[in-house]
Amino acid sequence: MPESSLILTTEQQLRLSQVQIQRLEMLGLSAEALSEKIQKEAEKNPFLEVRNPIISLDGEKGEHKERTFDYGQSLKDELDSNDESEEHDHWFERTLAVPETLSEHIVKEVSFLDISDDMKNAVIMLSTALDRDGFLKFEAEDVLKEHKELADGALKILQNLDPVGLGARDVKESLSLQAKALSLPEEEEKKLLYVINNLELLKNGKTDLIEKRLSITREEANELIKTLKTLNPYPGREYEYTFEEYVYPEISIKKNDEGELIIHDHSDQLPAVSLNAEYMDFEKELKSKKEKDRAALEYLKENKERAENLIHAITLRKDSLERISYYLISKQRAFFDKGPLYLVPDTQQQAADAMGLSISTVSRICSDKFIDTDYGIFPFSYFFSSSSGFSKDDENAKSKNAIKERIRQIIGENSGQKALSDQKITDILNSEGIKCARRTVAKYRSELKLESSYTRNT
């Protein structure tokens with residue numbers, strides 16, 4: 001008989017718990033979205049005590065005011081109730097009418113897929129790096145550093161989830177993914193993909209060129225455009241639930257009278273969250289009884305854990321914002337001292353490496369958040385842009401955003417005179433030691449929403 005033996009092997013597996021998913025999601029929420037999330041959870045979790053800050057008209061924080069909820073019957077009465085009528089309104093089922101987030105939708109959708117747990121977690125991890133549009137601006141391998149072998153498969157699955165087009169790098173790729181999902185006849189798909197890859201022709205009203213290059217009639221071109229309009233260039237926005245667009249700085253970094261940079265955290269304007277002492281005592285009371293109500297204890301345990309996890313996630317978000325603020329001060333000191341023209345090149349990948357974090361975590365921290373400075377309010381993402389070789393001297397390399405600011409300044413200084421051409425602006429930049437091609441100047445001017453010299457002269 002063959003000898004039997006026990007062979008032990010080590011295998012690295014990817015496990016992403018619901019708690020980790022919640023923490024990653026919290027990192028990515030703006031202040032107003034986080035406030036909505038807190039209120040939503042408080043409506044259904046008795047362990048959460050929420051106190052909303054009172055903000056005076058001049059913006060100063062006042063005392064916290066207790067927010068109470070009408071919980072209805074006692075917990076034990078609710079759990080003991082056998083009334084299963086649809087009209088029976090359990091207090092713990094009443095929640096704010098806030099739609100599910102993109103993260104919640106993806107987790108739910110992935111849970112039904114017939115794939116391995118490791119692959120499910122890889123897809124969810126990739127989804128945490130999506131921006132508000134649903135785009136993945138990083139390489140999948142960089143997000144899944146320890147599990148690069150899963151990157152290609154996870155990305156393909158993510159891109160085919162509902163809504164189709166998630167995980168694309170930009171609008172064109174997202175629309176292309178959606179076009180392929182329509183299952184059109186091969187020739188029709190090729191024509192639609194051509195239009196998608198040449199959107200600038202549509203933008204400039206050159207439909208005739210599309211007709212000529214595809215050898216189609218005006219009616220056929222209009223049908224392609226009609227089909228294109230059924231697609232969503234920003235699939236992630238389907239799950240946004242912010243009702244008003246306001247900019248609330250999360251952090252302010254400003255100089256005091258002595259010229260020292262001071263960080264002020266504005267999280268005190270968010271609802272204060274803590275564990276409800278009454279329900280903590282109620283749980284202890286139930287545990288002390290000889291005849292234990294298992295259903296009530298289990299319900300209390302689950303809600304207490306959810307409340308603790310939420311509080312921890314909020315604390316982690318606060319600490320992460322403070323950490324990246326200190327990083328920005330060390331990296332962008334010249335900006336905070338002198339202004340946007342002195343922004344130095346930096347990328348989120350460099351920040352992630354310096355802080356020992358993953359690129360997706362840094363991306364989440366910076367998403368939809370703003371910093372108040374002595375030079376205005378800027379999104380966190382503003383501080384991350386490469387130099388792309390725009391300086392003759394590496395030690396004085398200019399950030400892309402600094403160059404855009406200089407272009408804005410040059411055009412502003414010339415206001416009221418004959419408008420400078422893109423080539424003239426290029427010459428000025430080159431004379432200042434900044435290597436920048438004319439077409440790059442034209443691109444940045446367009447991104448700044450500044451008209452061409454021809455239009456400015458008319």
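Structure: see above.
Residues numbered from 1 in each chain as written. Predicted model: local features only at pLDDT ≥ 70, side-chain atom pairs only at ≥ 80, totals over all residues. Heavy atoms only, no water.

Caption draft 1: Geometry of the packing of aromatic side chains. Per the stated rule, a full pass over the model turns up 12 aromatic pairs. Geometrically, the ring pair formed by F335 and F336 is edge-to-face, given 5.1 Å between the ring centres and 90° between the ring planes. The same class applies to F335 and to F336, which are both buried. Through successive ring pairs, a cluster of aromatic residues spans F335, F336, Y375, F378, Y382 and F383. Cation over ring: R237 sits above Y234, and NZ or CZ is 4.0 Å from the ring centre. (Phe/Tyr/Trp six-rings, centres within 6.5 Å; stacked < 30°, edge-to-face > 60°. Buried < 20%, exposed > 50% of the residue type's maximum accessible area, 1.4 Å probe, protein only. Lys NZ or Arg CZ within 6 Å of the ring centre and 35° of its normal.)

Caption draft 2: Main features of the pattern of salt bridges. Within the structure shown, the criterion is met by 17 salt bridges. In this structure, R51 engages E49 in a salt bridge whose closest nitrogen and oxygen atoms are separated by 3.7 Å. The salt bridge partner of R445 is D422, with a shortest N-O separation of 2.9 Å. Of this pair, R445 sits in helix α20 (residues 438-447) while D422 is found in helix α19 (residues 422-431), placing the two residues 23 residues apart along the sequence. A cluster of three or more residues bridged by salt bridges with shared partners is formed by E283, K287 and K304. (Salt bridge = Lys/Arg side-chain N within 4 Å of Asp/Glu carboxyl O. Helix = DSSP H or I, 4+ residues; strand = E, 2+ residues; numbered from the N terminus.)

Caption draft 3: Representation of the packing of helix α16 (residues 348-355) against helix α17 (residues 359-366) within the structure. Put simply, α16 and α17 touch, their axes get as near as 8 Å, and they point 110° apart. For the element pair α16 / α17, the angle class is roughly perpendicular. Where α16 crosses over α17, the two elements pack in a sense that is right-handed. Contact residues: Q348, Q349, A351, A352 and M355 in α16; I359, V362, S363 and C366 in α17. Looking at side-chain class alone, the contact of α16 with α17 contains six nonpolar, three polar and no charged residues. (Axes fitted to C-alpha atoms, helices over the stretch in contact; angles between N-to-C directions. Parallel < 35°, antiparallel > 145°, perpendicular 65-115°, else oblique. Left-handed = near helix turned anticlockwise from the far one by under 90°. Contact = heavy atoms within 4.5 Å. Nonpolar A, V, L, I, M, F, W, Y, C, P; charged D, E, K, R; others polar.)

Caption draft 4: Representation of the sheet that holds strand β3 (residues 251-255). Reading across the sheet, the four strands line up as β4-β3-β6-β7 and stay open at both edges, with mixed pairing between neighbours. Single-partner strands in this sheet number two, and they are β4 (261-265) and β7 (376-379). The average undirected angle you get between the axes of adjacent strands in this sheet is 20°. In terms of strand pairing, β3 meets β4 through five bridges, oriented antiparallel. For S252, the partnering residue across the bridge sits in β4 and is H264. (Pairing = 2+ DSSP bridges.)

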